[in-house]
Amino acid sequence: MTNSTNRGMFQLEESEDYLQEEPGASVDSLADGVHRVTIGDRSSVVLEGPERLVALDSFGTPGRARVYRRILRERFNEKPIETIVYSHDHVDVSGFSSVLADEAEIIADERTARIVEERGLTSQKLPDLTLSTDRAELQRAGRAFVLLHPGPTHGTGNRALYLPDEKILVMCDTLLPNARYGLLPDYHLGNFVSNMRSLGGLEFEQFVPGRYETMTPEQFREGCDYVEAVMETAQEAFAEGLPIWERETLEDYTTDVLGDRFGHLDGFENQVGLTALRAAHHFLMGGWGLEDTPAEGMNVATE
Amino acid sequence: MSGNGGEHRGIFTIDGELPIQSFPRDITYRPVEEPVWTASEGIYRTIFIEAENSVIAFDTFSTPGGARSYRDAIERLFPNKPVETIVYSHDHLDHTGYAADLNPDAEIVAHELCNNVIEARESDGQLPASETLSGEWTRLEIDGRTLELIYPGPTHGDGNLAVFLPEQALLFMVDTVIPGVGYTFFPDWHLEPYLDNMRRLLSLDWETFVPGHFWSTDRDGFRKNLKYYEEVRTVAEEALVSGIDPMDLDDVRSYAEEKLNAYEDFFRYNEYVGQNLMRYMLQLKTGGWGTEGVTSARTGELSPGSEVTVTR
């Protein structure tokens, strides 16, 4: 049953079909009881216990949340979703938990919870359990898992889901197996690479991003190297006085510097210029907000 | 400060020389209405005020060389009045990054939200405030001059202050309303509350708006600029619904040029309309970025709050 009040940020009547569209979905198994669900260009992970499920996120429209719910019921013999874990706060990832499983427990980082509360969407339920320590070992639906906050990366309170026994690491919208970062939306470049590299020290064989295919540890490291290299090259362009507001100029410059090393990454040719432009502006402006500094916490006015 | 001849380095992490930091700038200046002056090097703009015994400078320009050129310009105009106060518009280095080169001994005034980031950032050359403001409206009396410093809520950056000078019917605010379309992909703009927070400033009695870049405008220009943002938001939603991939800049730009061509005479339309639309599409998909980006705009009329007198 559709609920036209669950519209996320969309205001136009014409958006209703888009919001309610139910595209196809697929499920593939990553390990015993660990499954990846793909809808469109996004994927998420489900942990299957003896009688219940833990779902990561909800997908980004009411229609997709329903597809997610339906395919889980079909695939896992009607096992209910006991818990939804929010990877982070963005609506296109966790914005429709009420549609996915209104009765489920919601777990999220405390910083994510703050944003969800501030945003105030009825479809994005407030967390029942908020995590304040950087490492939280949990058990739900008979499955053990670890939720890690390595520091600011993308979005607010973005947590990695780590399955040490299965050697699987899941983290949404951080590293990619390609160069399709675009303008690095809501990435906290001041700390991103170092925080991601800290996760690289974990023992895993598969890294599951929120988009595109699963990555190997080598691809994980290459992803860190790529973002770091673009940031360094962007600084060099800036320091030399290149017009860092011109995407085409930065595209030529970064392609010249990085093409040999990273040109094999899908999307490099038509995305690196925009990514470098964004990176250059990090150094021009000094970063954005406290998440780009060593400080913890949120910037809140006293009155 | 390695490898840069002693120049402040901001947050650069690469080694070696940073030529851009040292380039002097040609600062032009003119009175808006004395004692208020405006200064620019072609891209960045600010204001400064001649006070009884000193000069009150706003911001620092974008590099150490720029800050020194700014200092020299003021000194040329007022050789016996040092810059004793610097008021920060907001936290970004390209506007307030180099007080250490403008005058490291000046008193620095900033909103607490701005200063929180500056203190945490520890950028080389950017000095924290010696005096922080809180709340929406502070009247500051400095060296015989009165400044109305207004924080209308999140707009761009952290703690971004608007400077209201009623005697000159002037409003100065940096990196919000700027002539033309939005700058690139709206870096660190808090799009959800932005329009309504900016519209609150229309309740103030000003005629001239001085932005942090390029040229001044009036109330009509201010409104038209905000109207453009509103339009981009609508087109962004239409673009998503039409199946345009927000990560494909070529497709986004084509769609933007088709749907936003009413603005094609806006400054830098060709350069940035695609990136503007891309950013708004991502805004709608993600729901906003950070607390400033998701919070509702503030409501209620702006009204004077605390008064602070700073004796010089």
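Below is a short write-up of the structure.

Criteria and thresholds
Residues numbered from 1 in each chain as written. Chains lettered and ligands numbered in written order. Predicted model: local features only at pLDDT ≥ 70, side-chain atom pairs only at ≥ 80, totals over all residues. Heavy atoms only, no water. Helix = DSSP H or I, 4+ residues; strand = E, 2+ residues; numbered from the N terminus. Buried < 20%, exposed > 50% of the residue type's maximum accessible area, 1.4 Å probe, protein only. Contact = heavy atoms within 4.5 Å. Lys, Arg positive; Asp, Glu negative; His and termini not counted. Charge placed at Lys NZ, Arg CZ, Asp CG, Glu CD. Buried area = accessible area lost by both parts, 1.4 Å probe. Polar contact = N/O pair within 3.5 Å; in protein donor to acceptor, adjacent residues only side chain to side chain. Nonpolar A, V, L, I, M, F, W, Y, C, P; charged D, E, K, R; others polar. Core = buried A, V, L, I, M, F, W, Y, C linked by side-chain atoms within 4.5 Å. Pairing = 2+ DSSP bridges. Axes fitted to C-alpha atoms, helices over the stretch in contact; angles between N-to-C directions. Salt bridge = Lys/Arg side-chain N within 4 Å of Asp/Glu carboxyl O. Phe/Tyr/Trp six-rings, centres within 6.5 Å; stacked < 30°, edge-to-face > 60°. Expected span 1.5 Å × (residues − 1). Right-handed = clockwise from strand over helix to strand, strands pointing away.

1. What to know about the overall build of chain B
And then number 1: Along chain B, the regular secondary structure elements total 10 helices and 14 strands.
And then number 2: Expressed along its principal axes, the backbone C-alpha trace of chain B runs to roughly 60 × 50 × 35 Å.
And then number 3: Looking at the 312 residues of chain B, the share that counts as buried comes to 64%.
And then number 4: In chain B, the proportion of contacts linking residues at least 24 apart, taken out of those at least 6 apart, comes to 64%.
And then number 5: Each charge sign in chain B was given a centre, from 25 positive and 53 negative side chains, and these centres are 3 Å apart.

2. What to know about the interface of chain A and chain B
And then number 1: Facing 54 residues of chain A, the contacting portion of chain B comprises 57 residues.
And then number 2: When the buried surface of chain A facing chain B is broken down by residue, Met9(A), Met285(A) and Asn299(A) rank first, second and third, together holding 14% of it.
And then number 3: For the interface between chain A and chain B, the tally reads 22 residue pairs in polar contact (both at pLDDT 80 or more).
And then number 4: Only helix H3 (91-94), helix H5 (110-119), helix H7 (217-239) and helix H9 (268-285) of chain A provide two or more residues apiece to the side of chain A that touches chain B.
And then number 5: Among the elements that take part in the side of chain A that touches chain B, H9(A) stands out by supplying nine residues, more than any other.
And then number 6: Grouping the amino acids of the side of chain A that touches chain B by side-chain chemistry returns 24 nonpolar, 16 polar and 14 charged.

3. Concerning the nonpolar core
And then number 1: Judged by nonpolar contacts, the single largest core of 136 residues is most densely connected at Tyr226(A) and Leu201(B).
And then number 2: Top contributing element to this core by residue count: H7(A), with 11 residues.
And then number 3: The residues touching Tyr226(A), leaving out its near neighbours within four places in the chain, are Ala179(A), Tyr181(A), Phe262(A), Leu265(A), Phe268(A) and Val272(A).
And then number 4: Counting 26 residues, the second largest nonpolar core, distinct from the first, contains Val27(A), Ile39(A), Ile106(A) and Val116(A).

4. Some words on the sheet that holds strand E5 (residues 81-85) of chain A
Residues and elements named next belong to chain A.
And then number 1: Here we have seven strands laid out as an open sheet, ordered E1-E2-E3-E4-E5-E6-E7, and mixed in their pairing. Two strands bound the open sheet, and with one partner strand each, they are strand E1 (25-31) and strand E7 (129-131). Pairs of neighbouring strands in the sheet enclose a mean axial angle of 25°, with direction left out of account.
And then number 2: Here strand E6 (residues 105-109) pairs with E7 via three bridges, running parallel. Across the sheet, the residue bridging to Ala-108 is Thr-130, located in E7.
And then number 3: Across the sheet, helix H2 (residues 62-75) lies against E1, strand E2 (34-39), strand E3 (42-48), strand E4 (53-56) and E5, angled at about 140° from E2, the strand it touches most.

5. With respect to the sheet that holds strand E1 (residues 28-33) of chain B
All names here are of chain B.
And then number 1: Spatially, seven strands are ordered E1-E2-E3-E4-E5-E6-E7 in an open sheet, and the strand pairing comes out mixed. Each having just a single partner strand, E1 and strand E7 (131-133) make up the two edges of the open sheet. Taking each pair of neighbouring strands and ignoring which way they run, the sheet shows an average axis angle of 25°.
And then number 2: Here E1 pairs with strand E2 (residues 36-40) via five bridges, running antiparallel. Paired with Glu-33 across the strands is Val-36, a residue of E2.

6. Considerations on the pattern of salt bridges
And then number 1: One pass over the full model with this rule turns up 38 salt bridges over all chains.
And then number 2: In this structure, Arg71(B) and Asp72(B) form a salt bridge, with 3.2 Å as the shortest nitrogen-oxygen distance.
And then number 3: You can call Arg71(B) partly exposed: its relative accessible area is 30%.
And then number 4: The shortest N-O distance in the salt bridge between Arg233(B) and Glu237(B) comes to 3.5 Å. In this pair, Arg233(B) and Glu237(B) both sit in helix H7 (residues 219-241), four residues apart, roughly one turn of the helix.
And then number 5: Note on Arg233(B): relative accessible area 15%, which makes it buried.
And then number 6: In this structure Glu237(B) comes out as buried when scored by relative accessible area, which is 1%.
And then number 7: One salt-bridge network, in which partners are shared between bridges, spans Glu22(A), Arg66(A) and Arg70(A).

7. Things to note about the packing of aromatic side chains
And then number 1: Applying the stated criterion across every chain yields a total of 37 aromatic pairs over all chains.
And then number 2: Taking the centre distance of 5.3 Å and the plane angle of 65° together, the rings of Phe204(A) and Phe220(A) count as edge-to-face. In this pair, Phe204(A) sits in the loop between helix H6 (192-200) and strand E12 (206-208) while Phe220(A) sits in helix H7, placing the two residues 16 residues apart along the sequence. Neither residue differs from the other here; Phe204(A) and Phe220(A) are each classed as buried.
And then number 3: Ring geometry for Phe48(B) and Tyr70(B): centres 6.3 Å apart, planes at 70°, overall edge-to-face. Placement of Phe48(B) in strand E3 (residues 45-50) and of Tyr70(B) in helix H2 (residues 64-77) is noted, with a sequence separation of 22 residues between them.

8. Observations regarding the environment of Val91(A)
And then number 1: Here Val91(A) lies in helix H3.
And then number 2: Taking the C-alpha atoms as reference points, Val91(A) and Asp57(A), separated by 34 residues in sequence, lie 9.7 Å from one another.
And then number 3: In contact with Val91(A), other than residues within four places in its own chain, are Gly8(A), Phe59(A), Gly60(A), Phe96(A), Arg119(A), Leu121(A), Gln124(A), Lys285(B), Thr286(B) and Gly287(B).

9. Section: H2(B)
And then number 1: Compared with an ideal rise of 1.5 Å per residue, which puts 14 residues at 20 Å, H2(B) spans 20 Å between its outermost C-alpha atoms and is within 8% of the ideal.
And then number 2: Along H2(B), the residues that are buried comprise Pro64(B), Gly65(B), Gly66(B), Ala67(B), Ser69(B), Tyr70(B), Ala73(B) and Ile74(B).

10. Some words on the pairing of strand E5 (residues 83-87) of chain B
All names here are of chain B.
And then number 1: Burial within E5 is extensive, with four of its five residues counted as buried.
And then number 2: As judged from the four bridges shared by strand E4 (residues 55-58) and E5, these two strands associate in the parallel manner. Its bridge partner being in E5, Ala-57 is matched across the sheet by Ile-86.
And then number 3: Regarding topology, H2 serves as the crossover connection from E4 to the parallel E5, and that connection is right-handed.
And then number 4: The pairing of E5 with strand E6 (residues 107-111) spans three bridges and is parallel. Within E6, the residue paired with Thr-85 across the bridge is Glu-107.

11. Some details on the pairing of E6(A)
All names here are of chain A.
And then number 1: Most of E6 sits out of view: four of its five residues are buried.
And then number 2: As judged from the three bridges shared by E5 and E6, these two strands associate in the parallel manner. Opposite Ile-84, over in E6, you have Ile-106 as the bridge partner.
And then number 3: The parallel pair E6 and E7, bridged by H5, forms a crossover whose chirality is right-handed.

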